[in-house]
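Residues per chain, in single letters:
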Amino acid sequence: KLSNDTPAQILSDKPKKYIFIGDSYAARTNSWITEVKSIMGLENNTNCWSSSSDGAGFTAGTTFKSQLDTLIGTLTAAQKKEITDVVILGGWNDGSTKVTTALSNLLSSAKQALENAKFHLGYISWEDSRITEQNKLARVTGCENYIEAAGANGIAYIGNIEFVMHDYDNFGTDGIHPNSN
């Protein structure tokens, strides 16, 4: 079962404070974290904190759990209580690996440290003409695994975010990562 915020929770006048965790789509100059902070008027170490790493995933690279654990270790006790939302966006680096257990392990420690936070998960992938049919299937399977993991762990999945990078004009010269568009 997926958990979703009610309209009253979304419209709460309580100031929100965020943690953003991601992979290379969050680590680059033109990252989704940069865009979200700009759109929402968020300031580093005031109402948002973030960590990202090229090649990261639940099971790959500098894992999302490792990133979040490290970031939590830098927060004061008061800051930990004030975090309202943790947003984790990943994708391709996990391939078609099941991530339910890895997400469960992340949440078991993070929910204790961030007792007032709601957790949100999304899968960002790209669609490029060079991608083989086998890779397309792996990407679909990976997205399904993220949705399944969110449901199994009772956190919100951010629907349709997997389509965010399907405009070829938004890719950098590597054909993989976002450009300044």
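Along each chain, residues carry numbers from 1 onward, in the same order as the chain's sequence is written. Given that the model is predicted, a residue must reach a pLDDT of at least 70 before its local features are reported, and side-chain atom pairs must reach 80 or more before they are shown or counted; all residues, however, enter totals for whole chains, interfaces and linings. Only heavy atoms go into the side-chain values, all of them from the structure, while hydrogens and water stay out.

(A) Spatial organisation of the overall build of the chain. Strands are runs of DSSP state E lasting at least 2 residues, helices are runs of H or I lasting at least 4, and numbering of each runs from the N terminus. Scanning the chain from N- to C-terminus turns up seven helices and five strands. Seen in sequence order, the chain has helices and strands lined up from the N terminus as α-β-α-α-β-α-α-β-α-β-α-β. Within the chain, buried positions represent 45% of all 181 residues. Residues are treated as being in contact if the distance between any of their heavy atoms lies within 4.5 Å. Long-range contacts, defined as pairs at least 24 residues apart, comprise 77% of the intrachain contacts of the chain with a sequence gap of at least 6. Each accessible area value is a Shrake-Rupley result obtained with a 1.4 Å probe; residue values ignore everything except the protein chains displayed when judging cover. A total accessible area of about 9200 Å² is found for the chain, and carbon and sulfur atoms account for 51% of it. Each residue gets one of three labels from its accessible area relative to the maximum for its type: buried under 20%, exposed over 50%, partly exposed in between, using a 1.4 Å probe on protein chains only.

(B) Up close: the pattern of salt bridges. Salt bridge, as used here: a side-chain nitrogen of Lys or Arg that lies within 4 Å of a carboxyl oxygen of Asp or Glu. For the structure on display, the rule yields four salt bridges. Asp 85 is paired through a salt bridge with Lys 16; the nearest N and O atoms lie 3.2 Å apart. One end of the pair, Asp 85, is in strand β3 (residues 85–91); the other, Lys 16, is in the loop between α1 (7–10) and β1 (18–22), with 69 residues separating them in the sequence. The residue Lys 98 makes a salt bridge to Glu 148 at a minimum N-O spacing of 3.2 Å. In this pair, Lys 98 is assigned in the loop between β3 and α6 (100–113) and Glu 148 in helix α7 (residues 133–152), connecting sequence segments 50 residues apart.

(C) Molecular detail of α6. Here the expected length of a helix is defined as 1.5 Å per residue gap, with one fewer gap than residues. The terminal C-alpha atoms of α6, which comprises 14 residues, lie 20 Å apart, in line with the 20 Å expected from a rise of 1.5 Å per residue. To obtain the bend at a residue, axes are fitted to the seven residues ending there and to the seven starting there, and the angle between these axes is taken. The largest bend along α6 reaches roughly 25 degrees and is located at Leu 107. Among the residues making up α6, those that are buried are Thr 100, Ala 102, Leu 103, Leu 106, Leu 107 and Ala 110.

(D) Main features of the environment of Asn 153. Tracing the backbone shows Asn 153 in the loop between α7 and β5 (156–157). With 49 residues separating them in the primary sequence, Asn 153 and Ser 104 have C-alpha atoms 6.3 Å apart. Excluding anything up to four places from it in sequence, Asn 153 contacts Thr 100, Leu 103, Ser 104, Leu 107 and Lys 111. Polar contacts, as used here, are pairs of N or O atoms within 3.5 Å; protein pairs need one atom able to donate a hydrogen and one able to accept it. Residues neighboring in sequence count only if both atoms are side-chain atoms. Within polar-contact distance, the side chain of Asn 153 engages the backbone oxygen of Thr 100 at 3.3 Å.

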